[in-house]
Amino acid sequence: MAARCRLAARFHHVHGTNVRLDASRTRATRVESFANGLCFSQEPLAPGQIFLVEIEEKELGWCGHLRVGLTAHDPQSLEVVPEYSLPDLVNMGDTWVFAITRSHNRVTVDGEEARARSPAWEPFLLIERVRIPRDTLVGRSRPGRYSHILDDLYKANVLPATARRSRIGVLYALQPDGTADMHIVINGEDMGPSARHLPTTRPLYAVVDVFASTKSVRVIPVEYGFPSLQTLCRLVIQKHIVHRLAIDGLDLPPPLKSFCQHE
């Protein structure tokens, strides 16, 4: 799956009319208005493969935020890219899109109790039989005057989903009946199955709608496998400090301090 992950970790060259991609096709910016910001993954996703983006820029004055999901429509086959993911692309069928809000993104399933959040320092996020290194999934701010407040939010995993540097991903997990469930992951936390019984007979592309107050997003590559020693060190350090500004006083090499504070 590693080769497919590298291919999919960029945007498709087909996108909305108000979107501009950088040369690497890993950053998408809506250059005007609040709509026509639809983007797709370069390749269809493999089962359990997450397409992860980080919010880089916001734009005041608009109502609404990023929208993400999956579609069975090959972007190359679209005669015209719809203006909106909701409702336009969804109304074309075989498309499932989730509107990200500042809060209340968790999906509750009838008859199921809400699952307890796993600790922020757990190295892996488990979704069904999918195991993803959590460290890359969590957005972080630069330390500053109010970092001790932000660190409390990060540790509780309640950083607003629509904030700058927030990381949001979409994936699908195969089910015993041959269908799939779509999951949205926000800052390392699974929001639950936001759509069920997706057909797996057709390739599924990630959908990212750079809508309204979300102005620019960047694709974050996710490496599957065991976390690096550097990442494990950071997880242990973050577990035992009050906030990230305290890292400055630790007897650590400067590169490791920077990695713990910023990355």
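Everything numeric here is computed off the predicted structure, so don't read it as measured data.

(A) Quick look at the overall build of the chain. When helices and strands are counted, the chain shows 5 helices and 13 strands. Long-range contacts, defined as pairs at least 24 residues apart, comprise 71% of the intrachain contacts of the chain with a sequence gap of at least 6. In the form shown here, the chain has an accessible surface area of approximately 12900 Å², with 55% of it arising from carbon and sulfur atoms.

(B) Looking closely at the pattern of salt bridges. Within this structure, the stated rule accounts for 9 salt bridges. One salt bridge connects glutamate 57 with arginine 27, and the closest N-O pair in it is separated by 2.7 Å. One end of the pair, glutamate 57, is in strand β4 (residues 51–58); the other, arginine 27, is in strand β2 (residues 27–30), and 30 residues separate them in sequence. Accessibility expressed as a relative area gives 25% for arginine 27, which makes it partly exposed.

(C) Molecular detail of the sheet that holds β2. Strand order in this open sheet of 7 strands is β1-β2-β13-β4-β9-β10-β11, and the pairing throughout is antiparallel. Looking at which strands have only one partner, the edges of the open sheet turn out to be β1 (19–21) and β11 (189–198). Along the sheet, successive strands turn relative to each other by an average axial angle of 20 degrees, direction set aside. The sheet contact formed by β2 and strand β13 (residues 214–220) spans 3 bridges and is antiparallel. Along β13, the bridge assignment pairs threonine 29 with serine 216.

(D) Here's a closer look at the pairing of strand β9 (residues 167–174). Taken across its 8 residues, β9 has 7 buried, putting it largely inside the fold. Between the antiparallel neighbours β9 and strand β10 (residues 180–186) lie 5 residues, among them glycine 178 with a positive phi of about 90 degrees.

(E) A look at the environment of isoleucine 184. Residue placement: isoleucine 184 occurs in strand β10. The class for isoleucine 184 is buried, based on a relative accessible area of 0%. For the pair isoleucine 184 and phenylalanine 51, spaced 133 residues apart in the sequence, the C-alpha separation amounts to 9.8 Å. Not counting residues up to four positions away in its chain, the partners in contact with isoleucine 184 are Val68, Phe98, Ile100, Ile168, Gly169, Val170, Glu189, Asp190, Met191, Gly192 and Ser194.

(F) Summary view of the side chain of glutamine 175. Structurally, the position occupied by glutamine 175 is in the loop between β9 and β10. Not counting chain neighbours up to four residues away, the residues in contact with glutamine 175 comprise Glu128, Ala180 and Asp181.

Here is what the cut-offs are and how they apply
- Residues numbered from 1 in each chain as written.
- Predicted model: local features only at pLDDT ≥ 70, side-chain atom pairs only at ≥ 80, totals over all residues.
- Heavy atoms only, no water.
- Helix = DSSP H or I, 4+ residues; strand = E, 2+ residues; numbered from the N terminus.
- Contact = heavy atoms within 4.5 Å.
- Areas by Shrake-Rupley, 256 points an atom, 1.4 Å probe, with all protein chains shown as cover.
- Salt bridge = Lys/Arg side-chain N within 4 Å of Asp/Glu carboxyl O.
- Buried < 20%, exposed > 50% of the residue type's maximum accessible area, 1.4 Å probe, protein only.
- Pairing = 2+ DSSP bridges.
- Axes fitted to C-alpha atoms, helices over the stretch in contact; angles between N-to-C directions.

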